[in-house]
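# What the coordinates show
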Amino acid sequence: MERQLIAAFLAAIILNLQVAAYTEPILQADKDFAQKQKELYHLFWHLDQPTIHSPELYEIAKSWNIADHIDDYTDKEVANKFLGLWKNGMLPRGMLFHVYSNLQTQMISLFDLLYFAKDYETFYKTAVWARFNVNEQMYQYCLFLAILHRSDTKHINLPYLYELTPHYFFNDDVIFKAQRIQMGDVENENKNSYTINANYTGWYITQKHDMEWKLNHFTEDIGMNTFYAYITAIFPGWMESEKYKLMKDVRGESYYFLHKQILARYYMERLSHDLGQVEYIDWDKPIVTGYYPSMIHPTGLPFPQRPSWSDVPLYKYKNVERINNIESRISIAIDSGKVMTQDKSNYYEFYKDYMKDMNYLGNMIQGNMDSSFLRFYDSLDGLSRNILGYGQNPSSKYQGILSVLDMSVTNMRDPGFYRMYKKIVDFFLKYKSNLPLYTQEELEFPGVKIDSVVVDKLVTYFDIFESIINNGVAIRNEKEAKSVLIKARQQRLNHKPYTYNITINSEKDTKGWIRIFLGPKYDVHGHEIDMIDNWMNFFEMDKWVVDLKSGTNEIKRSSHESFYVTPDGIPTTEFLKKVQHTIDTGEGYKYSSQMYGFPDRMMLPKGKSEGMIFKLFVYISPYNEYMSADVDIPVYGKKHFEFKPMGFPMDRPMYYYDNTMPNMYWKDVPIFHKKV
């Protein structure tokens, strides 16, 4: 039943609607919630200088002893195990931390200590103690996840990652300039506020044969990279669903749908810049696309580079041999319909329950803890990241050299990320192509017809965004940290607001789900793409429920209402003022149950100044109250679901790409790019 209640995890969630009653909850923070918000928010800043930035927390840490509070954890063994690891020596402070390394046992033990604290007070004091006693990067990761997944910290707002760890969002020259400002080496009329102009990597490193720099505004967008880090935090691969109460029956499918959506959006951005399909990766041949990250870790170490047209390094050959075997095993499972399970005498059979199949396949390919046979199928995802990242083998267990593909917060910066996931998503598409095509009965909505769809003029442009990057520099005291404001100013893609105006004729009073997709019409050569080869390139823009009355229904839907999107958040300085005001006065502030989503301004591809034609697909299907439910999800908040495959009906090939089905509507829409 759990699988049925949440089976459309990403594709079937809605934010708002024109005439139905489903809306995203807007919550009111009271004084107690605001105090909790302030306490937890404060824990994240200047972790590399904890006693300088938060001396008052140090006093709490000194008075808290985990050994004296073993009974304050729901599982005593969790506390005992952590204490054993800590006393024997854990990852030292000041060292790099990598989730999927030999340090995973330490990381899980720290997370468990936070996650299994019996109450908020125990959780908070444990978190304060850990801030001063464990590696700062491991601590930040575990605290971030614990707040997301604990029930008593639900809806607590987390710091924006681009403010928290600016090293992973801006080039090293920006961090260097910020450090000089903090040291007092830069003169400015306003000595309390400084702004640094930040460029993308392509401004510094471009090669004539490599046009990937044209997409730096997409791959290095701070909102897109933050989005990916948040979404992957819902289902970390190392988490066991049973142990941590994850929504296990949609875990694998959501992994597929997330990356399929990103690839579809990325392809449309490529076409806007006259770039074609993403090339395939062959591990036994040179990697076409290189990457030269101009970033440094907070420890000062640089990121590994991957030269264009370079062979996979010799020290990765063992993993290349392994991944070739894994890819073969997954292909055989898809074609034969039989998946090896931990019980080798039994097989799981594909093509009997399609939605369950996608979950099995996703878990198997990601190689998460719900995989049917992790030892046999390993992790295609993890092996791909390891090989393509070109990270060096460490000389000791505490000297990791991390690539951008080793951390979710930097993944999307590397053009190789999209090549890697095209190869991975193709396994899912192979499975989808083996399914029977949707029949007319599965797709129709008797008595309902979409008469017209009118969309406002779609216009994109580049605007300026400023990010606070104070947390990326060293401080001398807490007062200095609060008195000087350093910002990075950067161009980013945006679009003007637009509205869908949909006219639907219904023969009776009824309800329906409306879905909107956007996809390419022409390839890079100007040839129209046949839909049988194009369905996987459609990006789901929105989905919501409508009440239809008998007769003509005029429905309006703003682009800002889409489930997928969230607007730009307010800076930390402004947010904390709201929180403090509530603490001081008791006047609560409003906040959304949705913590983060796809950046609103990035929904449309850039297009062209003269206009570039894309294809819009609008589809309405019957609403069934027995096939829908409300579910509360980390990051997304409380949402309304339908029990359909993610991306339905563009989740597999179908015959009905013409206008013969009245509940489908296809429309060519031009996207214009203007200089502002």
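This text follows the structure it describes.
All values derive from a computational prediction rather than experimental measurement. (Residues numbered from 1 in each chain as written. Predicted model: local features only at pLDDT ≥ 70, side-chain atom pairs only at ≥ 80, totals over all residues. Heavy atoms only, no water.)

### Some thoughts on the environment of Leu-616
Within the secondary structure, Leu-616 sits in strand β15 (residues 612–622). Note: C-alpha distance between Leu-616 and Val-453 (163 residues apart in sequence) is 9.5 Å. The residues touching Leu-616, leaving out its near neighbours within four places in the chain, are Val-453, Val-455, Tyr-500, Ile-516, Phe-517, Leu-518, Tyr-665, Trp-666, Lys-667 and Val-669. (Helix = DSSP H or I, 4+ residues; strand = E, 2+ residues; numbered from the N terminus. Contact = heavy atoms within 4.5 Å.)

### What about the pairing of β15?
Here β15 lies mainly inside the structure; 9 of its 11 residues are buried. Pairing of strand β9 (residues 510–520) with β15 involves 9 bridges; the strand directions are antiparallel. Directly across from Pro-520, in β15, lies its bridge partner Phe-614. Bridge count between β15 and strand β18 (residues 664–673): 8 bridges; the pairing is antiparallel. (Buried < 20%, exposed > 50% of the residue type's maximum accessible area, 1.4 Å probe, protein only. Pairing = 2+ DSSP bridges.)

### Considering helix α10 (residues 172–182)
Looking at α10, one finds that the buried residues are Val-174, Ile-175, Ala-178, Ile-181 and Gln-182. Axial view of α10: buried residues confined to an arc of 115°, hence all on one face. Contact partners of the buried residues in α10: β2 (193–197), α21 (478–483) and β7 (485–495). (Arc of directions from axis to C-beta.)

### Considerations on the pairing of β2
By the alternation rule, side chains of β2 split into Tyr-194 and Ile-196, which are all buried, and Ser-193, Thr-195 and Asn-197, of which none is buried. One ladder, built from 5 bridges, connects β2 with β7; its direction is parallel. Each bridged residue has a counterpart across the sheet, and for Asn-197 the counterpart in β7 is Arg-489.

### Here's the deal with the sheet that holds strand β8 (residues 499–506)
Backbone hydrogen bonds hold the strands of a sheet together, and the pairing may be parallel or antiparallel. If you trace the 3 strands from one edge of the open sheet to the other, you get β5-β8-β11, paired in antiparallel fashion. Two strands bound the open sheet, and with one partner strand each, they are β5 (448–455) and β11 (551–558). Direction aside, the axes of adjacent strands within the sheet are offset by 20° on average. As paired elements, β5 and β8 share 7 bridges and run antiparallel to each other. (Axes fitted to C-alpha atoms, helices over the stretch in contact; angles between N-to-C directions.)

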